[in-house]
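Coordinates in review
Spelled out, the chains give:
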Amino acid sequence: MAQISLIGAPTDVGASLAGCRLGPGALRVARLASGLRALGNDVRDIGDVAGPPNPRREPVDGYKHLPEVTAWNHAVRDAVAVELAEGRLPILLGGDHSLAIGSISAVAAHCRAAGKKLLIIWVDAHADINTNEMTPSGNIHGMPVACLLGHGPAELTGMSDQVPAITADQIHQVGLRSVDPGEKRFLAESGLAVYDMRFLDEVGTRRAMTRVLASVDAATHLHLSLDLDFVDPSVAPGVGTPVVGGPTYREAHLVMEMIADTGRLGSLDIVEVNTALDVRNATAELAVDLVESLFGKSTLLRVTDLANPPRG
Ligand SMILES: NC(=[NH2+])NCCC[C@H](N)C(=O)O
Ligand SMILES: [Mn+2]
Ligand SMILES: [Mn+2]
């Protein structure tokens, strides 16, 4: 059972289409807090952090809305840091995926101070490893991984206690199926572990996740960055940058269940839920279902639920 804090960040300054600023509300309406409480967790909703309004400007230097993205990320980083310092498990309710810069910068600093080994599982249709030179869009939600690895504007690369905030061996990406040409090169050069859709198809979700989680031990802090466009758009229609050919409902749940089984989840981002594009809040409800699995909801009793586990 965890002490969970929900942190809303109602913005889409980093995205192409407006609408994921409504994500925190949609996730609350889909009963995220009560779902987590029903699993025995202590849940505190700290409300939404504050930030600037969402402009719609053309890119400057290859970045759209850099001052606003920076301000929102500062707010998120500070809020996540406060909850981690209190021993709580922060859940960021986005908002677009640029906010992972702030949340993971706080998590990385916390892990260094606490002597924990950080492993980030980046579950997404996209690699989000663009720079201002290779971005096709100027949207900063396509750049958080690059910024965390130290490639980006100083405002965004310098959010943790050191630059870069993380190293490539600390992040594993799962579910990719839309990678821009510059990103392909960057991924290959950085040596980042990528479990793309072809890998999941050929090897299977279970064996892929076994590899992703192979290094997890008692000292590991797992951070899951969950971009809802990871799931196939037939199941998750409410996202701004959908890509066909994603995991099914059940495959997405298996990813969550296998992370839950490690017992090492320490922080979470839920991002890119775009209510304006959603169908009767289905994508927010899917997100809540997935998060329940991530926190141990299961069809049958789990061995860890039993006072006297059966032997053999
Ligand atoms: N977090 C996301 N949904 N990212 C989508 C990025 C799409 C594209 N690769 C871009 O950089 O513009
Ligand atoms: Mn994505
Ligand atoms: Mn993303």
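Residues numbered from 1 in each chain as written. Chains lettered and ligands numbered in written order. Predicted model: local features only at pLDDT ≥ 70, side-chain atom pairs only at ≥ 80, totals over all residues.

1. What to know about the environment of H223
Its location among the elements puts H223 in strand β7 (residues 220-227). Exposure remark for H223: the 24 C-beta atoms within 10 Å place this residue in the buried category. Between the alpha carbons of H223 and V179 there is a distance of 22 Å; along the sequence they are 44 residues apart. Setting aside anything within four residues of it in sequence, one finds H223 in contact with I104, V107, L118, I120, G266 and S267. (Helix = DSSP H or I, 4+ residues; strand = E, 2+ residues; numbered from the N terminus. Buried ≥ 20, exposed ≤ 12 C-beta atoms within 10 Å, placed from the backbone. Contact = placed C-beta atoms within 7 Å.)

2. Notes on the packing of helix α9 (residues 205-212) against helix α10 (residues 249-262)
Remark: α9 packs on α10, axes separated minimally by 10 Å, with the N-to-C direction vectors making an angle of 30°. Relative to α10, the element α9 lies roughly parallel. In this structure, the crossing between α9 and α10 has a hand that is right-handed. Taking contact as the criterion, the partners of T205, R206 and M209 in α9 are, on α10, E251, L254, V255 and M258. (Axes fitted to C-alpha atoms, helices over the stretch in contact; angles between N-to-C directions. Parallel < 35°, antiparallel > 145°, perpendicular 65-115°, else oblique. Left-handed = near helix turned anticlockwise from the far one by under 90°.)

3. A look at unusual backbone geometry
G95 follows G94 through a cis peptide bond whose omega is 15°. Here G95 lies in the loop between β3 (89-94) and α4 (100-114). Omega for the bond connecting V163 with P164 falls within 30 degrees of zero, at -5°, which places this linkage in the cis form. Even without being a glycine, R31 presents a positive backbone phi close to 65°.

4. Re the site of ligand 1
Near ligand 1 lie 15 residues; those nearest to it are H97, H126, S137, H141 and G142. Counted by class, the shell around ligand 1 contains one nonpolar, nine polar and five charged residues. (Near = placed C-beta within 6 Å. Nonpolar A, V, L, I, M, F, W, Y, C, P; charged D, E, K, R; others polar.)

5. Brief notes about the UniProt feature "binding site: Mn(2+) 1" (unreviewed entry) in the protein
The UniProt feature table records "binding site: Mn(2+) 1" (unreviewed entry) at H97, D128, D227 and D229. A compact arrangement is adopted by the annotated residues: their sequence extent is 133 residues, whereas the largest C-alpha distance between any two is 12.1 Å. Following the sequence through the fold, H97 ends up in the loop between β3 and α4. Take H97: there are 31 C-beta atoms within 10 Å of it, and that puts it in the buried class. Dropping the residues within four chain positions of it, H97 is found in contact with G14, D128, H141, P144, D227, V271 and E272. Relative to the helices and strands, D229 resides in the loop between β7 and α10. (UniProt positions renumbered as here; feature names shortened; annotations may be inferred.)

6. Quick notes on the nonpolar core
Within the largest apolar cluster, 95 residues are counted, with the highest numbers of intra-cluster contacts made by I7, L27, V76, I121, I270 and A287. The residues contacting A287, other than those within four sequence positions of it, are L27, A30, L228, I270 and V273. (Core = buried A, V, L, I, M, F, W, Y, C linked by C-beta atoms within 7 Å.)

7. Re α9
The set of residues buried in α9 consists of T205, A208, M209 and V212. Buried residues of α9, seen end-on, are gathered within an arc of 95° and therefore sit on one face of the element. Against the buried residues of α9 lie β4 (117-123), β5 (171-174), β6 (193-195), α8 (197-203) and α10. (Arc of directions from axis to C-beta.)

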